[in-house]
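What follows is each chain in one-letter form.
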Amino acid sequence: MLLCVSVTACGAGGHSQTVAPERRGTSPAVYLEVPSPTEDGGDDMAIYRFGHPADNADRRAVSSLFARYYAAAAAGDGAVACSLLTTPIARAAVETYGQGLGPAFLRGSKTCPEVLSRVFRHSHEELAGTARVTAVRIERGHALAFLDSATLRYVYTRARREAGAWRVIPFLGAQLP
């Protein structure tokens, strides 16, 4: 039931590596761009060393963002969740998944809220619990938020600064590679 997506604008410098999350059951895995310094070769610890710890203001802002996002996800509220996504991800939700390139349960979705409502309905059991942000690390306008949850299978998720505000990048999150 792992679903994540990434449409990122990464600058030069080798700060990201694409890895494929593990497939679970019949649920689709969509590739996630995971930050990792080139010299670390993509090891799990590179994720924990990403950037630097967020200051109090950014930690509160990112934690609040994900609290709102996961509350909307648990309620199946795709409209609220879409309003918290980065603009490229909100656009890609329909352009990619609604047009038949994603899993069958997303095909035919005409709006971002419809795509996310279907994702949340598909992952309802996983989203029923609460997710708490335990740490936030930041580098060049990107944030990794580490999560603690009894029901979520993933341990971190991402945000990006857009027009001065933190916005959600993946629909759900990611497990360590």
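Our subject is the structure that appears above.
Keep in mind that what you see is a predicted model, and the values were worked out from it rather than measured.

Caption draft 1: Highlighting the nonpolar core. With 37 residues, the main nonpolar core has Phe66, Tyr69, Leu85, Leu116, Phe120 and Phe171 as its most contacted residues. Those elements that place two or more of their residues in this core are helix H2 (56-75), helix H3 (78-83), helix H4 (87-98), helix H5 (112-122), strand S4 (132-139), strand S5 (142-148) and strand S7 (165-168). If near-sequence neighbours (up to four positions away) are discounted, phenylalanine 120 is found in contact with Tyr69, Ala72, Ala73, Gly76, Asp77, Gly78, Ala81, Leu127, Phe171 and Leu172.

Caption draft 2: Structural context of the sheet that holds S5. Strand order in the open sheet made by the five strands is S3-S4-S5-S6-S7, with antiparallel pairing throughout. Only two strands of the sheet have a single partner each, and these edge strands are strand S3 (52-53) and S7. The pairing of S5 with strand S6 (residues 156-162) spans five bridges and is antiparallel. When the sheet's bridge partners are listed, histidine 142 is paired in S6 with arginine 160. Helix-sheet contacts for H2 involve S4, S5, S6 and S7, and the interaxial angle to S4 is about 125°.

Caption draft 3: Highlighting the pattern of salt bridges. Enumeration over the complete set of coordinates arrives at six salt bridges. A salt bridge links arginine 140 to glutamate 139; the nearest nitrogen and oxygen atoms lie 3.3 Å apart. The partner of arginine 160 in a salt bridge is glutamate 162, with the nearest N and O atoms 3.0 Å apart.

Caption draft 4: Spotlight on the packing of aromatic side chains. For the coordinates displayed, the defined rule picks out five aromatic pairs. Here the aromatic rings of tyrosine 69 and phenylalanine 120 are separated by 6.0 Å at their centres, their planes lie at 80°, and the arrangement is edge-to-face. Here tyrosine 69, found in helix H2, pairs with phenylalanine 120, found in helix H5; they are 51 residues apart in sequence, far enough to count as distant. Judged by centre distance (6.3 Å) and plane angle (45°), the rings of phenylalanine 146 and tyrosine 156 are tilted. Of this pair, phenylalanine 146 sits in strand S5 while tyrosine 156 sits in strand S6, and the two are ten residues apart along the sequence. Judged by its relative accessible area of 7%, phenylalanine 146 is buried. Grouped by ring-pair contacts, the aromatic residues Phe66, Tyr69, Tyr70 and Phe120 constitute a single cluster.

Caption draft 5: Representation of the state of the cysteines. Taken as a whole and assessed by the stated rule, the structure comprises one disulfide. Each sulfur in the disulfide pair cysteine 82 and cysteine 112 lies 1.9 Å from the other. Classification of the bridge connecting cysteine 82 and cysteine 112 rests on its S-S torsion, roughly -95°, and on that basis the disulfide is left-handed. Here cysteine 112 lies in helix H5 and cysteine 82 lies in helix H3, a separation of 30 residues in the sequence.

Parameters and conventions
Residues numbered from 1 in each chain as written. Predicted model: local features only at pLDDT ≥ 70, side-chain atom pairs only at ≥ 80, totals over all residues. Heavy atoms only, no water. Core = buried A, V, L, I, M, F, W, Y, C linked by side-chain atoms within 4.5 Å. Buried < 20%, exposed > 50% of the residue type's maximum accessible area, 1.4 Å probe, protein only. Helix = DSSP H or I, 4+ residues; strand = E, 2+ residues; numbered from the N terminus. Contact = heavy atoms within 4.5 Å. Pairing = 2+ DSSP bridges. Axes fitted to C-alpha atoms, helices over the stretch in contact; angles between N-to-C directions. Salt bridge = Lys/Arg side-chain N within 4 Å of Asp/Glu carboxyl O. Phe/Tyr/Trp six-rings, centres within 6.5 Å; stacked < 30°, edge-to-face > 60°. Disulfide = S-S within 2.5 Å.

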